[in-house]
Amino acid sequence: MVIQRQDELARVVHEVVKAQPITDMHTHLYSPNMGNLLLWGVDSLLTYHYLVAEVMRWSDVPPDVFYDWPVEQQAAHIWQKLFVEHSPVSEAEYGVLTSLQALGMDLSSRDLPAYRKALAGVTSEEAVRRALKLANISDVVMTNDPFDDAERPYWEKGVHIMAGFHAALRIDPLLRGWDEAVTRLQGWGYRVTHDFKGESTDEVRRFLHEWVQRINPLYMAVSLPPTFTYPDASTATQMLQQCILPVCREAGIPFAMMIGSDRLVNPALRLAGDASGRADLTSVTRLAREFPANRFLVTVLSRENQHELIVLARKFHNLMIFGCWWFMNNPVIIEDITRMRVEMLGTSFIPQHSDARVLEQVIYKWAHSRAIIARVLVDKYAEVMSTGWRLERAEIERDVADLLANNFWRFAGRDRS
Ligand code: HDL
Ligand code: ZN
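Rules used throughout
Residues numbered from 1 in each chain as written. Chains lettered and ligands numbered in written order. Predicted model: local features only at pLDDT ≥ 70, side-chain atom pairs only at ≥ 80, totals over all residues. Heavy atoms only, no water. Near = heavy atom within 4 Å. Polar contact = N/O pair within 3.5 Å; in protein donor to acceptor, adjacent residues only side chain to side chain. Areas by Shrake-Rupley, 256 points an atom, 1.4 Å probe, with all protein chains shown as cover. Nonpolar A, V, L, I, M, F, W, Y, C, P; charged D, E, K, R; others polar. Helix = DSSP H or I, 4+ residues; strand = E, 2+ residues; numbered from the N terminus. Contact = heavy atoms within 4.5 Å. Salt bridge = Lys/Arg side-chain N within 4 Å of Asp/Glu carboxyl O. Buried < 20%, exposed > 50% of the residue type's maximum accessible area, 1.4 Å probe, protein only. Core = buried A, V, L, I, M, F, W, Y, C linked by side-chain atoms within 4.5 Å. Donors = N, O, S within 2.8 Å, 3.2 Å for Na, K, Ca; no water. Phe/Tyr/Trp six-rings, centres within 6.5 Å; stacked < 30°, edge-to-face > 60°. Lys NZ or Arg CZ within 6 Å of the ring centre and 35° of its normal.

1. Let's talk about the site of ligand 1
Working step 1: The local shell around ligand 1 consists of His26, His28, His49, Tyr50, Arg170, Ser223, Met258, Arg263, Trp325, Trp326, Asp355 and Arg357.
Working step 2: At 2.4 Å, a side-chain N or O of Tyr50 approaches an oxygen atom of ligand 1.
Working step 3: Contact between ligand 1 and Arg357: an oxygen atom at 2.6 Å from a side-chain N or O atom of the residue.
Working step 4: Protein chains bury 99% of the 320 Å² of accessible surface belonging to ligand 1 in isolation.
Working step 5: Broken down by class, the residue content of the shell around ligand 1 amounts to four nonpolar, four polar and four charged.

2. Considering the side chain of Gln361
Working step 1: By secondary structure assignment, the location of Gln361 is in helix α17 (residues 361-385).
Working step 2: Not counting residues up to four positions away in its chain, the partners in contact with Gln361 are Leu45, Tyr48, Ser99 and Ala356.

3. Structural notes on the pattern of salt bridges
Working definition: two side chains of opposite charge can pair if their charged atoms are close together.
Working step 1: Throughout the structure, instances matching the rule amount to 30 salt bridges.
Working step 2: With its nearest N and O atoms 2.8 Å apart, the salt bridge here joins Asp402 to Arg410.
Working step 3: By relative accessible area, Asp402 is classed as buried at 13%.
Working step 4: A single salt-bridge network, built from bridges that share partners, covers Arg191, Glu199, Glu203, Arg206 and Glu210.

4. Topic: the nonpolar core
Working step 1: In terms of nonpolar packing, the biggest core is built from 147 residues, with Leu208, Met220, Ile244, Phe255 and Met257 touching the most fellow members.
Working step 2: Filtering out sequence-adjacent residues up to four positions away, Leu208 remains in contact with Leu169, Ile171, Leu174, Met220, Cys243, Ile244 and Val247.
Working step 3: Residues Cys324, Ile333, Ile334 and Ile372 belong to the second largest nonpolar core, which totals six residues.

5. Some words on the coordination of the zinc ion (ligand 2)
Working step 1: Within the first shell, the zinc ion (ligand 2) binds the protein through His26 (NE2), His28 (NE2) and Asp355 (OD), at distances of 2.1 Å.
Working step 2: In terms of primary sequence, the donors binding the zinc ion (ligand 2) are separated according to H-x1-H-x326-D. With His28 in the loop between β1 (22-24) and α2 (42-46) and Asp355 in the loop between α16 (331-345) and α17, this residue pair connects regions lying 327 residues apart in the sequence.
Working step 3: Since its relative accessible area comes to 13%, His28 is described here as buried.
Working step 4: According to the relative accessible area criterion, Asp355 is buried, its value standing at 8%.

6. Some remarks on the packing of aromatic side chains
Working step 1: Scanning all chains against the criterion turns up 15 aromatic pairs.
Working step 2: Judged by centre distance (6.0 Å) and plane angle (75°), the ring pair of Trp79 and Tyr115 falls under edge-to-face. Residue Trp79 is located in helix α5 (residues 71-84), and its partner Tyr115 is located in helix α7 (residues 112-119); the two are separated by 36 residues in the primary sequence. No difference in accessibility class separates Trp79 from Tyr115, as the two residues are buried.
Working step 3: An angle of 70° between the planes, with centres 5.4 Å apart, marks the rings of Trp178 and Phe196 as edge-to-face. Of this pair, Trp178 sits in helix α11 (residues 178-187) while Phe196 sits in the loop between α11 and α12 (200-215), placing them 18 residues apart in sequence. When sorted by exposure, Trp178 lands in the same class as Phe196, which is buried.
Working step 4: Three or more aromatic residues joined by ring pairs make a cluster, and in this case those are Phe147, Trp188, Tyr190 and Phe207.
Working step 5: Over the aromatic face of Trp211 sits the side chain of Arg214, whose NZ or CZ is 4.5 Å from the ring centroid.
Working step 6: Lying across the ring of Trp409, Arg416 places its NZ or CZ 3.8 Å from the centre.

The structure is reproduced here in structure tokens:
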């Protein structure tokens, strides 16, 4: 069906974007049979580390006292300070309201205990089905960390994750904490050394291969500091050249680099204590050029890095940009970045991931982003149509399926289109 008019175009694009099931390719959610690793419900929503950072700006309660409180007390304090005493207009605050509204809560009551009661009383699997249905998500990629003592036992026992959930192998300690990683790896029987000599290369490869076999990850991932440099004299360069990138090639999976996280600039805030910094993306250029047989998923945490990353994606087809990560995941920046990406890459990128840490966040994160992505597409299709180009609805459906699902699966080597 050919789209004839601009007002029809807007209706069709918003319909198609809303109807497209999402592959959420980077989250911190877990399969519901992985116990308390999966965070869900009102108290988890309100104690999201983004809101902890925001409440500390109004609160006279020091972080160490706050963190010693029970989660319900933390949530009540955040509700009082950020929602009652001040209007909830930040993205993380507004997001809680969007999710609660979608879940059927009456937000005119501001009755937090009523919300807590209404959302509880279901199994974690029922909560997952409820949230993914509301968000229209078909697939969720987790972040799975062998160095996480709470998660590792599930995989060592052989957990069978819920259909629609997928693994990603997260290996930050190998690249930004090698000294601590050595002790952990030695404890698990891997013969590695601090100076990365002897059998270290073979043993790290064995570690990676064993975890690839164990969790069948769609990709391997790392978060890197703004100072990340490749190559350099550190073990990180050897780790990439001799272990990570060869194992990714042998496993046929991409390597995801999330660049710009400045960890614990304020340690007192714990998970909420990280900041962002501009990185030198010439390191990405050298990796993409030096390893043409590897595929790189890349996202960056500094607004200043966004445009140059798009230019690099134009130069290297083995580089796939994804998401508006963390401090980039705000409407004003999502719109800015998405417009730049469409104008320079067409539809050959992955516009968003939720990064959700709490199940019900996927409802607001995707509702907010779908609206922005649709708005950008309407403008871009309208420009194209103004030349006399006639668009079919099926072509819009194809493009939106690429952006919200198929570009990821194709790049992950598991094409679903
Ligand atoms: O390293 C990461 O994957 C980041 O997304 C961090 O988990 C960060 O704390 C976060 O939750 N960002 O949204
Ligand atoms: Zn993340």
